[in-house]
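Chains, contacts and geometry: an overview
Chain by chain, the residues run as shown.
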There are 2 protein chains.
Amino acid sequence: MKVRVTVSLKEGVLDPQGKAIGHALHVLGFDEVGEVRVGKVIELDLADEDAAKAEARARAMAEQLLANQVIEDFAVEVVK
Amino acid sequence: MKVRVTVSLKEGVLDPQGKAIGHALHVLGFDEVGEVRVGKVIELDLADEDAAKAEARARAMAEQLLANQVIEDFAVEVVK
């Protein structure tokens, strides 16, 4: 079972990497770019056959390791 | 218009960050974890009102800056 965990900075947390990308896009002429936010996507191959169980386990992994919940939110999605 | 660009390593390209996460998850007792791959997700606020144009522009940004197409693939998705 393939599960995707998306980790993104919470609203209001400064994102210097996003700011740098936004600046670089402006320099390249992409003037329509406003705010840019950068996150991580972690794709996990799990041995679980059951989608609900795989999602619950991935959620536990995100809470314990993948996301720093002080500054980050995460979303879990079963891909297949 | 909000556009999400997901950048991931091509198949066959070594992903040491993914390997490290997989190892850490095993140490934490998540034995069902197989391969782990880590990518980036870049959320862009674009001034374009037209979804097709926003997607085309985001694709150009990915080709010119956001993805290194030698080792990375990207996907563009209009969120709203």
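Further up the page is the structure itself.
The rules behind these values
- Residues numbered from 1 in each chain as written.
- Chains lettered and ligands numbered in written order.
- Predicted model: local features only at pLDDT ≥ 70, side-chain atom pairs only at ≥ 80, totals over all residues.
- Heavy atoms only, no water.
- Helix = DSSP H or I, 4+ residues; strand = E, 2+ residues; numbered from the N terminus.
- Expected span 1.5 Å × (residues − 1).
- Buried < 20%, exposed > 50% of the residue type's maximum accessible area, 1.4 Å probe, protein only.
- Arc of directions from axis to C-beta.
- Contact = heavy atoms within 4.5 Å.
- Buried area = accessible area lost by both parts, 1.4 Å probe.
- Salt bridge = Lys/Arg side-chain N within 4 Å of Asp/Glu carboxyl O.
- Polar contact = N/O pair within 3.5 Å; in protein donor to acceptor, adjacent residues only side chain to side chain.

With respect to helix H2 (residues 51–66) of chain B
When the terminal C-alpha atoms of H2 of chain B are compared, their 19 Å separation across 16 residues is substantially less than the 22 Å that a helix rising 1.5 Å per residue should span. Within H2 of chain B, burial applies to Ala-54, Ala-58, Met-61, Ala-62 and Leu-66 of chain B. Looking straight down H2 of chain B, one finds its buried side chains confined to an arc of 100 degrees; they lie on one side. Of the surrounding elements, those touching the buried residues of H2 of chain B are helix H1 (16–27) and strand S2 (33–46) of chain A together with strand S1 (2–9), strand S2 (33–46) and strand S3 (72–78) of chain B.

Section: the interface of chain B and chain A
Contact with chain B, which involves 31 residues of that partner, is made by 31 residues of chain A. Between chain B and chain A, a total of about 2,500 Å² is buried, with carbon and sulfur atoms accounting for 64% of that surface. On the chain B side of the interface with chain A, the three residues burying the most area are Phe-30, Glu-32 and Val-41 of chain B, jointly 23% of the side's total. Between chain B and chain A we count 2 salt bridges in total. The partner of Arg-57 of chain A in a salt bridge is Glu-32 of chain B, with the nearest N and O atoms 2.5 Å apart. Between chain B and chain A we count 12 residue pairs in polar contact (both at pLDDT 80 or more) in total. Of all the secondary-structure elements, those providing two or more residues to the side of chain B that touches chain A are helix H1 (16–27), S2 and H2 of chain B.

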